[in-house]
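What the coordinates show
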Amino acid sequence: QVQLVESGGGLVQAGGSLRLSCTASGRILRFNTMGWYRQAPGKQRELVASITSDSSTNYADFVKGRFTISRDNAKNTVYLQMNSLKPEDTAVYYCNAPRQAWRWGQGTQVTVSS
């Protein structure tokens, strides 16, 4: 199985920024559309943003204009730049390949204080 590792989360104040990183084992990330997901306590996991292998992007309405997904295939990494963070962005953030069946990683905690 592919192993996914997320990093870059932390505690920030509302209006602050974070950049999350995700890497997949085996250097196969570059072959796949990748997505960032988040799960807040008591809520379902939801797709935040996705990026195709040729870097076409899509965003959930609740992050448009604030978050940017990107990838660096040479580094086998996908990023999520998160700006203008809001308390409601607080969640565990995960990456995965929407068209695959990879096991979820541990995620990275993002906490936005008010």
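Just above sits the structure.
I will try to describe carefully the structure that is included in this document. Values in this document were obtained by computation on a predicted structure and should not be read as measured data.

**Focus: the pairing of strand β3 (residues 18-24)**
Burial of β3 is extensive: five of the seven residues sit out of reach of the surface. Both strand β1 (residues 4-7) and β3 contribute to a ladder of four bridges, which runs antiparallel. Residue pairing across strands places Val5 opposite Thr23, the latter belonging to β3.

**Details of the state of the cysteines**
Evaluation of the coordinates by the stated rule reveals one disulfide. Disulfide pairing is shown between Cys22 and Cys95; the S-S distance is 1.7 Å. Across the disulfide from Cys22 to Cys95, rotation about the S-S bond amounts to roughly 65 degrees, and the bridge is consequently right-handed. Taken together, the residues Cys22 in strand β3 and Cys95 in strand β9 (residues 91-96) connect sequence positions 73 residues apart. On the accessibility criterion, Cys95 (0% relative accessible area) is buried.

**Re the sheet that holds β1**
One open sheet accounts for four strands, arranged β1-β3-β8-β7; its pairing is antiparallel. Looking at strand neighbours, the two that pair on one side only are β1 and β7 (67-72), the edges of this open sheet. Neighbour-to-neighbour, the strand axes of this sheet turn through a mean angle of 15 degrees, independent of strand direction. When β3 meets strand β8 (residues 77-82), the two strands line up antiparallel, connected through six bridges. Its bridge partner lying in β8, Arg19 is registered against Gln81.

Rules used in this analysis
- Residues numbered from 1 in each chain as written.
- Predicted model: local features only at pLDDT ≥ 70, side-chain atom pairs only at ≥ 80, totals over all residues.
- Heavy atoms only, no water.
- Buried < 20%, exposed > 50% of the residue type's maximum accessible area, 1.4 Å probe, protein only.
- Helix = DSSP H or I, 4+ residues; strand = E, 2+ residues; numbered from the N terminus.
- Pairing = 2+ DSSP bridges.
- Disulfide = S-S within 2.5 Å.
- Axes fitted to C-alpha atoms, helices over the stretch in contact; angles between N-to-C directions.

Honestly, that's just the spatial picture; any functional story needs more than this.
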